[in-house]
Amino acid sequence: MEEQATVSAADIAHIAGVGRAAVSNWRRRYGDFPPPVGGTASSPLFSLLDVENWLRKRGKPFEVSLGDRIWQRLRNLGDDLWLSSRVGRVGTFLSRRGSGEEWDFSPRYDDPELLELLDRFADEVGAREAFEFLCERYVEAHSRQLSVTAEPVAALMSRLIGPEPGVVLDPACGLGTLLLASGGSRLLGQTDDPAISCIAAHRLLLAGADMEMYGSDALPMDSYEGLLADAVVCDPPFNDREWGYDELVGDPRWEYGQPPRGEPELAWVQHCLAHVKPGGLVAIRMPPAAAARRTGRRIRGNLLRAGALRAIVTVGGADLWLLRRPESGERPPSRLLLLADPSTVEEQWREHLRGAEVPGAVRIIELLDEEIDLSPARHQARDEHAGEAFLEVRRHFEGIRPEPPSLAVSDEKPVFTTIGELLKSGVLTVPESVEEGDVVASPAVPAYVHSGDSIVVEPSMSKYRTDPDRLDAAFLAGCLRAAGQIAPTSSTRIDLKRTRIPRLPIEAQRACGEAFTRLAAFEDALREAAESGLELVRLGLAGLTEGQLKPEN
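Conventions adopted
- Residues numbered from 1 in each chain as written.
- Predicted model: local features only at pLDDT ≥ 70, side-chain atom pairs only at ≥ 80, totals over all residues.
- Heavy atoms only, no water.
- 1 Å grid on protein atoms, 1.4 Å probe; cavity = no way out; pocket = protein on both sides within 12 Å on 5 of 7 lines; lining within 4 Å.
- Points joined across faces, edges and corners; volume = space filled by probe spheres on them.
- Helix = DSSP H or I, 4+ residues; strand = E, 2+ residues; numbered from the N terminus.
- Nonpolar A, V, L, I, M, F, W, Y, C, P; charged D, E, K, R; others polar.
- Pairing = 2+ DSSP bridges.
- Right-handed = clockwise from strand over helix to strand, strands pointing away.
- Salt bridge = Lys/Arg side-chain N within 4 Å of Asp/Glu carboxyl O.
- Buried < 20%, exposed > 50% of the residue type's maximum accessible area, 1.4 Å probe, protein only.
- Contact = heavy atoms within 4.5 Å.
- Axes fitted to C-alpha atoms, helices over the stretch in contact; angles between N-to-C directions.
- Parallel < 35°, antiparallel > 145°, perpendicular 65-115°, else oblique.
- Left-handed = near helix turned anticlockwise from the far one by under 90°.

Caption draft 1: Spotlight on the layout of surface pockets. Considering only enclosed or pocket space, the second largest pocket measures out at about 700 Å³ in volume. In this structure, the second largest pocket is lined by 37 residues; those nearest its centre are Leu146, Ser147, Gly174, Thr191 and Asp192. Put simply, the parts of the chain that give the lining of the second largest pocket at least two residues each are α5 (83-96), α9 (177-182), β5 (186-191) and α10 (194-206). A per-element tally of the lining of the second largest pocket places α5 first, with three residues. Looking at the lining of the second largest pocket, its residues break down into 19 nonpolar, 11 polar and seven charged.

Caption draft 2: Focus on the pairing of strand β6 (residues 211-215). Here β5 runs beside β6; their pairing, made up of five bridges, is parallel. Across the sheet, Leu188 pairs through a bridge with Glu212, a residue of β6. Each parallel crossover has a hand, and the one from β5 via α10 to β6 is right-handed.

Caption draft 3: How the structure looks around the pattern of salt bridges. What the rule picks out here adds up to 35 salt bridges. Where Arg363 meets Glu366, a salt bridge forms, and the shortest distance between an N and an O atom there is 3.5 Å. A residue is classified by how much of its surface remains accessible, and Arg363, at 40% relative accessible area, is partly exposed. Residues Arg481 and Glu523 are paired through a salt bridge, measuring 2.3 Å at the closest nitrogen-oxygen approach. One end of the pair, Arg481, is in helix α17 (residues 473-482); the other, Glu523, is in helix α18 (residues 506-545), and 42 residues separate them in sequence. Residue classification places Arg481 among the partly exposed residues on the basis of a relative accessible area of 23%.

Caption draft 4: Highlighting the side chain of Glu52. Note that Glu52 resides in helix α3 (residues 48-57). The class of Glu52 is buried, set by a relative accessible area of 9%. In this structure, Glu52 is in contact with Phe62, Val64 and Arg69, ignoring residues within four places of it in sequence.

Caption draft 5: A look at the packing of helix α8 (residues 151-160) against helix α13 (residues 345-353). In contact at an axis separation of 10 Å, α8 and α13 are set at 25 degrees when each is read in the N-to-C sense. Considering the angle they form, α8 stands roughly parallel to α13. Two packed elements cross with a definite hand, and for α8 against α13 that hand is right-handed. Here Leu156, Arg159 and Leu160 of α8 lie close against α13, whose contacting residues are Val345, Glu346 and Trp349. The class makeup of the residues in the contact of α8 with α13 is four nonpolar, no polar and two charged.

Written out as structure tokens, the structure is:
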């Protein structure tokens, strides 16, 4: 079985601990790189054994983790067309694990060691983490077919529907990302692919959720007819022309108007409103065009007049529509919150909901014109202080002086150790609480030496304490940064204990630690200069357009 396993370019990147671009470079640069043995021209597959031999021959460090070996076995059990079904069956096995039930993976799949490996993996990392690992690999393998809500967007939508939302429904839940982020006490999901719904169900079950899941399209086949949730979150498919327009003419869910054939997203908006209690909130991701298309202006106007649509916020190339189902006898609000920048939305949304006037809130009477264009960018408030602000930001920008450290080329090739080996030798320990001088690292924050300030260290962060006579803390933090442990855009899970650390005398470590510290300061200055420069451009454009600035010459 092992000799027949195949891997994609993304899998090779995981195994070798590099980016996918590096694998592409290897294929171009090295004539002896293993040729594809399957797949397609755009998604080739390579022999795992050949890749391992090539990496070993080239002296490139690699490790095929237990999770990766399970993933390769699972992927090689059959055609990728049925991969979602196999991942779902893994979820079933892990959910039932320890229940005493007899479980055969499937008589169609001949790999008797797979369940044993899954059992070992779940013992090592936990059943939920094991399944999440395989789900991540599945999403990467089918990234072109799957639309998964980005985690920061899912987290923002969760916060906007409020803490402890109770019963939460997602009628187009996909893999269940929004439901997992919502924090609801009971989670209800529906998605149009039964195999995907199985994966989502087991993600929720393994997270300990009280849940219910259906595998059918919610628009033509509403599995929760008559149910009213406390809140609804949704990231529906965009531009779906086969959403059932002809079959759903006159559907009772279309309280605000029959959705036009080319406006399926407005059908999803009304479906969500039909399933939330009076006073309950809906957060739904929408294409930007839905706020301005002429075909949808009647429904947009009705949502505004009824007080159902409360805010539209541009986030990551799409819009979030925030709605509240009107209560009986409730007076509709007079303003709609429109924000092209989501950075302040949480505070403004809370204030807007309780009726306070906030920046970005536009009078609804001004929006009810012939077009009813609700695009946030169109209604940005005029910056009345762009001129003065431009001069102030320019002074700040000119005061930023990014200076990189002086570094020279070295011919020495260091010997490496790892975090794991340093922990075994006692040079490095893991403290229970963080003190000044400890090294802190996490996927969201660059590794740094804790200075004892008021920065909150989350329990999920990795913490290390060095023996200062043998290992410099700033040197260790720099090595962690270099290893890419803090890259928030990467979906690769890197084992910190495998991070390579050069074996250097303590004085050389301290010199490198100082250089690492200066590089970090240089990075901060570059980021500050970039942010200030972009703000200069914005204020310059606004000031020139509004007549508050003019060319000096």
